[in-house]
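# Overview (structure and organization)
Spelled out from the first residue to the last, the chains are:
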Amino acid sequence: MKVTVVGAGNVGASCADVISYRGIASEVVLLDIKEGFAEGKAMDLMQCATNTGFNTQITGVTNDYSKTANSNVVVITSGIPRKPGMTREELIGINAGIVKSVAENVLKFSPEAIIVVVSNPMDTMTYLTLKATGLPKNRIIGMGGALDSSRFRYYLSKALDKPSNDVSAMVIGGHGDTTMIPLTRLASYNGIPVSEFLSKEELEKVAADTMVGGATLTGLLGTSAWYAPGASVAYLVDSILNDQKKMIACSVLLEGEYGQNDICLGVPCIIGKNGIEQILPINLDENEKALLAKSADAVRNMNADLKSVLA
Ligand SMILES: NC(=O)c1ccc[n+]([C@@H]2O[C@H](COP(=O)([O-])OP(=O)(O)OC[C@H]3O[C@@H](n4cnc5c(N)ncnc54)[C@H](O)[C@@H]3O)[C@@H](O)[C@H]2O)c1
Ligand SMILES: O=C(O)C[C@H](O)C(=O)O
């Protein structure tokens, strides 16, 4: 199985690292616009093979899309990351043009590929990719919920002082500091509602920390995070390539689901060899429904800025 990762920067290289280390694909092509950069990242990663024991073939190319031909999955991480103090939404001006041209280029050589969109603002970039390519909705997947849910589980595990793998929890909605919706009501510690262990105030703090999880890391690192984002992309790619049918919150085109239309937003999906195989309807309470509607409004406002790129 072949995976192309466009953008060999922090997230792209980290994702290629996890995909190869875990043997998720036999071939990974890293493509970047910066001369020699992807080649260097691929060489560095390949020199891990004997010590970490993987067999994936990683190749780096400078803007040569012919080398990406017949990829099963293409991950788009190309574009700029935010700096401390910025929102993801501020990246739209530069990233929209990059994402659109990358999506068009990859499809010339991999017309059957499933595309995973990572570049920010992710929900809007997913919508742009869908509109620009005209691909069926199951083949365009926005990655955000997998990462936000892993951060939610991290903050819950810290509050509970228990391992995060014993915590089950999901974040839906937009992948933005104010549009994420951590589903605290449904979070559990080994099947027991977390509200049995944590106070309302503690749970509110966990949700608030989760929502600004990316901003917190950007403040600490000077650029946005990459290890957990890279691992989250690999988790999603694994579910596609190995047809695992995992339930993962992903940004997908909604056509009536959750009362929304013509928008890509994070909702629980079944992910398998066909990409988005099902959008799972879950019963939200009135507060959660209102938060989802508000989140959709904000993402829709952002999508309106795509007019000139899509014209
Ligand atoms: N969806 C998520 O959960 C999530 C998580 C982390 C980062 N991100 C986003 O992913 C993007 C990448 O972040 P990063 O930290 O890897 O940034 P980075 O700057 O480290 O890497 C981006 C790479 O894209 C390359 N690039 C730019 N234009 C290109 C083009 N036209 N074709 C090919 N390559 C091109 C750059 O040369 C660079 O190497 C950012 O927009 C960031 O906000 C999203
Ligand atoms: O925070 C960012 O800007 C990058 C990414 O969306 C993240 O959540 O880590």
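Residues numbered from 1 in each chain as written. Chains lettered and ligands numbered in written order. Predicted model: local features only at pLDDT ≥ 70, side-chain atom pairs only at ≥ 80, totals over all residues. Heavy atoms only, no water.

If you look the protein chain up in an unreviewed UniProt entry, it shows as Malate dehydrogenase from Flavobacterium macacae. Quoted verbatim from the Catalytic activity (unreviewed entry) heading of the UniProt record, the comment on the protein chain is "(S)-malate + NAD(+) = oxaloacetate + NADH + H(+)". Turning to the protein chain, the UniProt annotation filed under Sequence similarities (unreviewed entry) states: "Belongs to the LDH/MDH superfamily. MDH type 3 family." (UniProt positions renumbered as here; feature names shortened; annotations may be inferred.)

As a packed pair, helix 1 (residues 10–21) and helix 9 (residues 227–241) sit with axes 8 Å apart at the nearest point and diverge in direction by 50°. Considering their axes alone, helix 1 and helix 9 lie oblique with respect to each other. Between helix 1 and helix 9 the crossing geometry is right-handed. From helix 1, Val-11, Ser-14, Cys-15, Val-18 and Ile-19 reach across to helix 9, where they touch Tyr-227, Pro-229, Gly-230, Ala-231, Val-233, Ala-234 and Val-237. Counted by class, the contact of helix 1 with helix 9 contains 10 nonpolar, 2 polar and no charged residues. (Axes fitted to C-alpha atoms, helices over the stretch in contact; angles between N-to-C directions. Helix = DSSP H or I, 4+ residues; strand = E, 2+ residues; numbered from the N terminus. Parallel < 35°, antiparallel > 145°, perpendicular 65-115°, else oblique. Left-handed = near helix turned anticlockwise from the far one by under 90°. Contact = heavy atoms within 4.5 Å. Nonpolar A, V, L, I, M, F, W, Y, C, P; charged D, E, K, R; others polar.)

Looking at the assigned domains, one finds that the protein chain contains domain 1 (2–143) and domain 2 (144–306). Inter-centroid distance (C-alpha atoms) of domain 1 to domain 2 is 21 Å. Contacts between the two partners involve 41 residues from domain 1 and, on the opposite side, 55 residues from domain 2. Taken together, the two surfaces of domain 1 and domain 2 that pack against each other cover about 3700 Å², and 66% of this comes from carbon and sulfur. Summed over the three residues of domain 1 that lose the most area to domain 2, namely Asp-123, Lys-137 and Met-143, the buried surface amounts to 19% of that side. Here domain 1 and domain 2 share 6 salt bridges between them. One salt bridge connects Arg-22 with Asp-238, and the closest N-O pair in it is separated by 3.2 Å. Counting across the domain 1 and domain 2 interface gives 16 residue pairs in polar contact (both at pLDDT 80 or more). Elements supplying a minimum of two residues to the side of domain 1 that touches domain 2: helix 1, strand 4 (73–76), helix 4 (92–109), strand 5 (114–117), helix 5 (122–133) and strand 6 (140–142). Top contributing element to the side of domain 1 that touches domain 2 by residue count: helix 5, with 9 residues. Among the residues forming the side of domain 1 that touches domain 2, the class breakdown is 25 nonpolar, 8 polar and 8 charged. (Domains from an automatic or database assignment. Buried area = accessible area lost by both parts, 1.4 Å probe. Salt bridge = Lys/Arg side-chain N within 4 Å of Asp/Glu carboxyl O. Polar contact = N/O pair within 3.5 Å; in protein donor to acceptor, adjacent residues only side chain to side chain.)

This paragraph deals with the UniProt feature "domain: Lactate/malate dehydrogenase N-terminal" (unreviewed entry) in the protein chain. Taking the numbering used here, the UniProt-annotated feature "domain: Lactate/malate dehydrogenase N-terminal" (unreviewed entry) corresponds to residues 1–142. Structurally, residues 1–142 comprises 39% helix and 20% strand, and the distance from its first C-alpha atom to its last is 21 Å.

With that out of the way, let us pick up the sheet that holds strand 10 (residues 188–189). One open sheet holds the 3 strands; their spatial order is 7-10-11, and the pairing between them is antiparallel. In the strand order of this sheet, the two ends are held by strand 7 (167–168) and strand 11 (192–193), each with one partner. Relative to strand 10, strand 7 runs antiparallel, the two sharing 2 bridges. The partner of Ser-168 across the bridge, within strand 10, is Ser-188. (Pairing = 2+ DSSP bridges.)

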